[in-house]
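Notes for the structure review
Read off the chains here:
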Amino acid sequence: MTLDILQMVLVTVLAAATPLILAGIGELLVERSGVLNLGVEGMMIFGAAVGFAVAMQTGSTLLGALGGAGAGLLLSALFGILTVGLAANQVASGLSLTILGLGLSGLVGASYVGMKRDPAPHLSIPGLTDLPGIGKLLFGQDAFVYLAVGLVAAVWWFLWRTRTGLILRAIGDDHVATHALGLQVRKVRFLSVLFGGACAGLGGAYLSLAYTPFWAPGMTAGRGWIALALVVFASWKPVRVAAGALLFGGATVLQLHAQAAGLGLPGQLLSAVPYLATILALVLLSLGQRHGGSLAPAALGRVFTPSR
Amino acid sequence: MDAAPSPAIGIPRNEGPTPLFGAYGIVKRFGSFTANDGVDLEIRAGEIHALLGENGAGKSTLMKMLYGLLEPTEGVITHKGDIVQLPNPEAARRLGIGMVFQHFSLCENLTVAENIALVMPKALSGKALAARIARLGADYGLHLDPSRPVWSLSAGERQRIEIVRCLLQDPSLLILDEPTSVLTPGEAEVLFTVLERLREEGRALLYISHRLDEVRRLCARATILRAGKVVGACNPREETARSLAAMMVGTAVREVTHRKRGTPGRERLRVDRLSLPAPGLHATSLRDVTLSVAGGEILGIAGIAGNGQAELFAALSGEIRAPSPEAVRIDGQPVGSLGINARRRLGAGFVPEERNGHAAAPLMSLSENVLLSRYATVPLTRFGCLKLGSARDLARRVIDAFDVRKAGPDPAAGTLSGGNLQKFVVGREILAEPGVLVINQPSWGVDAAAAAHIRQAVIDLAARGAAILVISQDLVELFEMAGKLSVLNDGTLSPAVPSAETSREAVGLLMGGASDHGSAGGSLPPVHEMAPVPLPAHAH
């Protein structure tokens, strides 16, 4: 019986972690290519609004999810044109992207406030899903969760096991050197930015289609910023991003229970706990592992203009 | 550019065999600036061909076009007599052209194997690639550990990566841009052996260097560029270093002259047992550095980059404070805990190694750059407001005195060529008539004429009674300028020895870390005590 309670908790933890995994793994790839996109929050919430709107119009969760990813991709394309194409300042462009995304999401979502949908369907395999203790955790999630886990593995494999991944990391390390070798710095960076945007949009769509299946302005509640912090403190390593996201999810669930139990602490303080705990844990993790070289992609945030 | 080269641009048919690679009538314009103007170059298999020229003569532009990084505005490139297009480096590599860059094109945080895999035509498994690196390394004496990250390697090792990376693609033409500028004499010898071996194998090599003695040793043919045009071709072995330099510059290069050295004056710069922890990740710690320079004296500090030069310079200039005020003294005054401007007010001047970004702010104009280092000692402000006119006058005086060539009246520092910017930053300090001048790599990457000008100005300043500390890894330069020499190796400074009493070989050996007779830290022995200099280590 306690096994089932534990499973219940773990399922909610994973659900809370999923949007961070999605947005974080996308941003990780972007930063590995040397681009710092601070617009994750904006792309996420725009993805949430568009995803919910599309799903309401079509009645299809799949189309909603695709719409969310597409919305994030669209915003990131704008960011990519500015920073990769026109060599605009990445910090300023990213911050404006967040503001733009917040505004656009309010516009798109205005007529959907207060509506509800059924959450995204969960996997159900007779026999397996009903397994005591682990069935729901392993075989009873919605498609977003499986996709998020799959993406972590895929990005890890891509970065460390493929030639294109090597080229991407090299470009993130030194764009001048890689350009001199004839590698296509701007193309790789632009595609990375698009991938990051789609991931962030998908993470937002997960919130409005599966986690809490309704639209509310500002519903991402800073998760985009947490995803950004996760990438840094995870030392740009995919598995650590997932671990950090799970920790955040765990702290979120824990503080909800603490609020329900009425600990007498202010609710706002408890709501802040997941954010504090995640950052603290990752800071501790990233301490003392620096033997030399730089953990961050060395060209991160630096504008690149090819020589004539 | 996009149109196929018109047949009107005939390929001159020279007597002799068809060259392996040819470039004919190459013109490259950047806006209104013509970097290459009708350049012809023929490279034959089995030769090391030298490309000589001053900074800004158009050597790099020409090389970049041969490697597919730039497209010629006009002209054709041929391979075995056929006209070829080189739209990108990939295409150049397919034709068998490899390039070893002067500023290595390596990613510091990737491993050796990863850096090499970047340009291999198709993905090789890590093991297969490591095996090929090892085989090639054993074959040519270019040993590399494929799993080491590049940031942990010395300049010589980094260059080895670049060479191995080219050789793995079995090139028929290897382009080398200033390959010895970062190497110790010993490392350079190893490189020469490899290059001669490659020539024996029938490959063509295009060798760009400022060091004319190297060119004379390696190359049987040279093409000389001046202001974007070919001004001559010769056999460097039949020329002297001076006649080659004269061809590059167009006029005879002045030889550096020393005024007669009087007895050294009083001690003006003193460093006492200065120890500093490494200030950063890739930095070197200084250990018990002691030195003394008297007025009228030039002390040269030899050493390979990365052995504490940057740290020593920073400690002398005040960019890093010494642990105690007495560790550094200028004219007897303890300055170890003073900042850079306080030291300037005591009559010191500093010229850092990196022109762009350290000695000068590349995006700011020359007059603004004068302000940056001189406002502390010259009244260039009034009530906190800049006196731009005075700054411009001062900049003009530097420009006139040091023959700085530039475009426009007051251009951004970054638009000057390397040699001219170096003349400017050196001149800026020398015109202040410092009593103590610390100068790091005075003529790094600077052509012969500008280097001679800079060295002469420094020598003249010493003759006027200043104490001068020159940090350099160019031994020719040090022996030309300095009266005394020390070697900085791994943060430890050897005792100074009069340069007339030691030899380049002895200094080179110490630079490589060989401490003589096993004594800790190492010191420069007088020549007659030197053990015979071992021949360059061919086998590692």
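Source: prediction; values computed, not measured.

Some points on the overall build of chain B
- Counting secondary structure elements, chain B contains 16 helices and 23 strands.
- Within chain B, the fraction of its 540 residues that count as buried is 52%.
- Across chain B, contacts joining residues at least 24 apart in sequence account for 67% of those joining residues at least 6 apart.
- Of the roughly 22,500 Å² that chain B leaves accessible, carbon and sulfur atoms contribute 53%.

Remarks on the nonpolar core
- Ile116, Leu118, Ile175, Leu195, Leu206 and Tyr207 of chain B are the most contacted members of the largest nonpolar core, which has 157 residues in total.
- At 12 residues, the largest contribution of residues to this core is made by helix α9 (residues 185-211) of chain A.
- In this structure Leu206 of chain B touches Leu41, Ile43, His49, Leu51, Leu66, Leu173, Leu174, Ile175 and Leu176 of chain B, once residues within four positions along its chain are discounted.
- Counting residues in hydrophobic clusters, the runner-up holds 45 residues, among them Val398, Val425, Ala466 and Ala482 of chain B.

Notes on the sheet that holds strand β12 (residues 286-294) of chain B
- Strand order across the open sheet formed by 4 strands is β12-β11-β14-β15 (chain B), with antiparallel pairing between neighbours. The two strands at the open ends of the sheet, each matched to only one other strand, are β12 and β15 (333-334) of chain B.

Details of helix α10 (residues 223-233) of chain A
- With respect to burial, α10 of chain A is a largely interior element, 8 of its 11 residues being buried.
- Residues of α10 of chain A that are buried: Arg223, Gly224, Ile226, Ala227, Leu228, Ala229, Leu230 and Val231 of chain A.

Some points on the packing of aromatic side chains
- Scanning all chains against the criterion turns up 6 aromatic pairs over all chains.
- With a centroid separation of 5.3 Å and an interplanar angle of 70 degrees, the aromatic rings of Phe144 of chain A and Tyr206 of chain A are classed as edge-to-face. In this pair, Phe144 of chain A sits in helix α6 (residues 143-161) while Tyr206 of chain A sits in helix α9, placing the two residues 62 residues apart along the sequence.
- Taking 5.0 Å as the distance between ring centres and 80 degrees as the angle between the ring planes, the aromatic pair formed by Phe248 of chain A and Tyr275 of chain A counts as edge-to-face. Separated by 27 residues along the polypeptide, Phe248 of chain A in helix α11 (residues 238-261) and Tyr275 of chain A in helix α12 (residues 267-286) bring together distant segments of the chain.
- Here Phe248 of chain A falls in the buried class, since its relative accessible area comes to 3%.
- A relative accessible area of 27% places Tyr275 of chain A in the partly exposed class.
- Ring-pair connections join several aromatic residues into one group, and the members of that group are Phe144, Tyr206 and Tyr211 of chain A.
- A cation sits over an aromatic face here: Arg197 of chain B above Tyr140 of chain B, 4.2 Å from the ring centre.

Structural notes on the side chain of Glu178 of chain B
- Take Glu178 of chain B: it is sitting in the loop between β7 (173-177) and α6 (185-200).
- In this structure, Glu178 of chain B is buried with no salt-bridge partner, the nearest side chain bearing the opposite charge being Lys59 of chain B at 4.7 Å.

Let's talk about the sheet that holds strand β4 (residues 74-79) of chain B
Residues and elements named next belong to chain B.
- Here we have 4 strands laid out as an open sheet, ordered β2-β1-β4-β5, and antiparallel in their pairing. On the outer flanks of this sheet lie β2 (33-43) and β5 (82-84), each paired with one strand and no other. Strand-to-strand twist in this sheet, taken as the mean axis angle between neighbours without regard to direction, amounts to 30 degrees.
- Sheet topology places strand β1 (residues 21-30) next to β2; 8 bridges connect them, and they run antiparallel. When the sheet's bridge partners are listed, Lys28 is paired in β2 with Asn36.
- In this fold helix α1 (residues 59-66) packs onto β1, β2 and β4, with an angle of close to 60 degrees to the strand it touches most, β2.

Notes on the domain arrangement of chain B
Residues and elements named next belong to chain B.
- Here the domain parsing of chain B yields domain 1 (21-96 + 171-249), domain 2 (256-347 + 437-446 + 469-540) and domain 3 (354-433).
- Contact with domain 2, which involves 11 residues of that partner, is made by 13 residues of domain 3.
- Taken together, the two surfaces of domain 2 and domain 3 that pack against each other cover about 890 Å², and 53% of this comes from carbon and sulfur.
- In this structure, the connection of domain 2 to domain 3 is made through 0 salt bridges.
- The tally of links between domain 2 and domain 3 comes to 4 residue pairs in polar contact (both at pLDDT 80 or more).
- When residues of the side of domain 2 that touches domain 3 are traced back to their parent elements, those giving at least two are α10 (340-345) and β19 (436-440).
- Its residues assigned to classes, the side of domain 2 that touches domain 3 comprises 5 nonpolar, 3 polar and 3 charged.

About the thresholds
- Residues numbered from 1 in each chain as written.
- Chains lettered and ligands numbered in written order.
- Predicted model: local features only at pLDDT ≥ 70, side-chain atom pairs only at ≥ 80, totals over all residues.
- Heavy atoms only, no water.
- Helix = DSSP H or I, 4+ residues; strand = E, 2+ residues; numbered from the N terminus.
- Buried < 20%, exposed > 50% of the residue type's maximum accessible area, 1.4 Å probe, protein only.
- Contact = heavy atoms within 4.5 Å.
- Areas by Shrake-Rupley, 256 points an atom, 1.4 Å probe, with all protein chains shown as cover.
- Core = buried A, V, L, I, M, F, W, Y, C linked by side-chain atoms within 4.5 Å.
- Pairing = 2+ DSSP bridges.
- Phe/Tyr/Trp six-rings, centres within 6.5 Å; stacked < 30°, edge-to-face > 60°.
- Lys NZ or Arg CZ within 6 Å of the ring centre and 35° of its normal.
- Lys, Arg positive; Asp, Glu negative; His and termini not counted.
- Salt bridge = Lys/Arg side-chain N within 4 Å of Asp/Glu carboxyl O.
- Axes fitted to C-alpha atoms, helices over the stretch in contact; angles between N-to-C directions.
- Domains from an automatic or database assignment.
- Buried area = accessible area lost by both parts, 1.4 Å probe.
- Polar contact = N/O pair within 3.5 Å; in protein donor to acceptor, adjacent residues only side chain to side chain.
- Nonpolar A, V, L, I, M, F, W, Y, C, P; charged D, E, K, R; others polar.

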